[in-house]
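Working through the structure, step by step
Residue-level listing of the chains:
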Number of protein chains: 2
Amino acid sequence: MKIELELAAQRLREHDKILILTHKNPDGDTLGSGFGLYYGLKQLGKQVYLRNSDELPAKFSYFYDSQMTAEFEPDYIVSVDVGDTKLLGTKLEQYADKIDLCIDHHVSNTLYAKETYLDGAASSVSEILFFLLELLGIWFDEQIANCLYTGLVTDTGCFKFSNTGVKTHLAAARLIEFGADYERINRDMFETKSFARIALERMVLDGMEFYFDRRCAYVLVTRAMMEEAGADYTTFDGISAITRQIEGVDVGLTLREIGADDYKISVRTSAAVNASELCRKFDGGGHVRAAGCTLKGNIADVKRKLLAAAQEMLGSR
Amino acid sequence: MKIELELAAQRLREHDKILILTHKNPDGDTLGSGFGLYYGLKQLGKQVYLRNSDELPAKFSYFYDSQMTAEFEPDYIVSVDVGDTKLLGTKLEQYADKIDLCIDHHVSNTLYAKETYLDGAASSVSEILFFLLELLGIWFDEQIANCLYTGLVTDTGCFKFSNTGVKTHLAAARLIEFGADYERINRDMFETKSFARIALERMVLDGMEFYFDRRCAYVLVTRAMMEEAGADYTTFDGISAITRQIEGVDVGLTLREIGADDYKISVRTSAAVNASELCRKFDGGGHVRAAGCTLKGNIADVKRKLLAAAQEMLGSR
Ligand SMILES: [Mn+2]
Ligand SMILES: [Mn+2]
């Protein structure tokens, strides 16, 4: 059942031993909103514990609580930024049908919890948490400000993406006022690249090919390249975006070899081409400007098919 | 003489034929705040004209007024984002001692105008303009919102830099509410790279060298490389930042050959090293984390001197 934010606040006020669940492969929003809630509830004198199926990434360690202890039986279970119980991961799936409250911004939320506060217009759960903690009368210290600010910026590409809203900036203004270390957070989240990432970017730029009056950019990343760069799938994040960033490119095709004759294709497009439509030709899908598909076969065939599809999409307008 | 924002608003209200001056090599803030003021004053029924010594870059054309006419003798001259009359450029230097009002955020402003509204804490003049136009009772239409939003984001690296403040986000929230096309603006300003830029980045990544346990990154961009990439000095913007973005790099040295045996050096550092102090060894200077200097001599000598200075700075802590 969907509930209002005021009722969610009341539920939290009424309980004393609260377990917070976050999604697997945790990102800045699930952990930022989770720890924001954690510290807020702590202030109210409650016992709180936060769990994740995976190890918490070192990247966000500046807002973890090294003193966190779990010696209690929860009387209330809350999930944050978890649109589907499948995303709880192996260690937390035991809680799938025991979740009392879900706080989320994914419109695709399956409403698995007893009660759900869902705001599909919110940039992030961290944005929602800002207003929820205000309702709870929490004092925003630097720790909480850092948690929520991190979730805001990681889910919006630092206020660039279309999910950014008026409330996102209002929350950011207040979080900065409360001491969020925004300069350092943004540098760590957006301006720091690993050696492996730099090596991979270099290979991608070296190997990029252009077709159809440079309206299509094509790049293949082989397993050998990944290995040479010391890169894994996390390093690959954002690599697919490079093609579309190039002036005049309407279709960017980034192929990653995931096995013998097996390729994962990321398609990025300008407003001129529908990426999802292109990928549907190969049983893939996604969003209008970012979509994906997989193709099997030798690379010459795969490339020929993809370029033909891209050409068709470009020609059709 | 420095004046308050209210008085600046009153001065603008009292005059009817207003000339707006912007700085040479115009950026998003001088033009964004200039055109924001232009459209605001137009709404008040005034005759307004905006001038620049250089041609207006196509990049910001979405907020230019193609109907702008200059057939009037101004009774009031305002400069925006111009810290020093030297920055007016050749075509506008005729106005150097005739400027009635300067609106600026550079603490180094030389107070050349009859009256100056200076807010060194503002991220941008566009941020100041938001509050000034509010005082003037202007209706913020999409056009004005786009102008001011552009200035906000270009001067703050999209809310990343330390000059971003509470008021910056409050202004952004309102500008989005008023229809600023923030997604497109951010894509155009930050996510689009020219072919020349991509070519230059590729050469920079290919040629980068590391010293002192990878704590120092060194890269040389020759005139031949610039030519091969089809790059000019505007393409070079942001290239110096690449070195410091690499994990673990405390000193990034980017050398640009500007003539025979003549090099311009951009130094970018982490919090561990003072860039300005390093550059002062070579009669340069700048900020704590971004500074510059020039060195003459053959490249082997120049490189040796720079690396020695970098090593000293790294060793001293
Ligand atoms: Mn999220
Ligand atoms: Mn400025």
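Up top is the structure.
Our subject in this report is the structure included herewith. (Residues numbered from 1 in each chain as written. Chains lettered and ligands numbered in written order. Predicted model: local features only at pLDDT ≥ 70, side-chain atom pairs only at ≥ 80, totals over all residues. Heavy atoms only, no water.)

With that settled, consider the overall build of chain A. Each helix and strand counted, chain A has 12 helices and 11 strands in total. Its C-alpha radius of gyration of 22 Å places chain A within 12% of the 20 Å reference for a compact globule of 317 residues. Projected onto its principal axes, the C-alpha positions of chain A cover 60 × 40 × 35 Å. For chain A, the residues scored as buried account for 55% of the 317 residues in total. If you take every contact in chain A between residues at least 6 apart in sequence, the share linking residues at least 24 apart comes to 66%. Of the roughly 13700 Å² of accessible surface on chain A, a fraction of 47% belongs to carbon and sulfur atoms. Charge-centre separation for chain A: the mean point of 36 positive side chains lies 4 Å from the mean point of 47 negative side chains. (Helix = DSSP H or I, 4+ residues; strand = E, 2+ residues; numbered from the N terminus. Rg over C-alpha atoms; globule rule 2.2 N^0.38 Å. Buried < 20%, exposed > 50% of the residue type's maximum accessible area, 1.4 Å probe, protein only. Contact = heavy atoms within 4.5 Å. Areas by Shrake-Rupley, 256 points an atom, 1.4 Å probe, with all protein chains shown as cover. Lys, Arg positive; Asp, Glu negative; His and termini not counted. Charge placed at Lys NZ, Arg CZ, Asp CG, Glu CD.)

Counting residues in each nonpolar core, the largest one holds 106 residues, and the members touching the most others are L12, I103 and Y149 of chain A together with L12, I103 and Y149 of chain B. Those residues in contact with I103 of chain A that sit more than four places away from it in its chain are V78, S79, V80, D81, Y117, V125, I128, L129 and L132 of chain A. Residues A196, V219, A229 and A231 of chain A belong to the second largest nonpolar core, which totals 40 residues. (Core = buried A, V, L, I, M, F, W, Y, C linked by side-chain atoms within 4.5 Å.)

All names here are of chain B. Pairing in this open sheet of six strands is mixed, and the strands run β6-β7-β8-β9-β11-β10 from one edge to the other. Edge positions in the open sheet fall to β6 (209-211) and β10 (285-286), since each of these has one partner strand only. Alignment of strand β7 (residues 216-221) against strand β8 (residues 251-259), held across six bridges, turns out to be parallel. Looking at β8, one finds that Y218 is bridged to L253. Each of β6 and β7 is contacted by helix α7 (residues 195-207), which is oriented at about 130° to β7, the strand it contacts most. (Pairing = 2+ DSSP bridges. Axes fitted to C-alpha atoms, helices over the stretch in contact; angles between N-to-C directions.)

With that settled, the discussion passes to the packing of aromatic side chains. Counted under the stated rule, the structure contains 35 aromatic pairs over all chains. A centroid spacing of 6.1 Å and a plane angle of 35° characterise the contact between F35 of chain B and Y39 of chain B, whose relative ring orientation is tilted. One end of the pair, F35 of chain B, and the other, Y39 of chain B, are both in helix α2 (residues 28-43), four residues apart, so they sit about a helical turn from each other. Taking the relative accessible area as the measure of exposure, Y39 of chain B reaches 12% and is therefore buried. The ring centre of Y62 of chain A lies 4.7 Å from the NZ or CZ of R184 of chain A, which sits over that ring. Over the ring of F195 of chain B we find R214 of chain A, and its NZ or CZ is 3.7 Å from the ring centre. (Phe/Tyr/Trp six-rings, centres within 6.5 Å; stacked < 30°, edge-to-face > 60°. Lys NZ or Arg CZ within 6 Å of the ring centre and 35° of its normal.)

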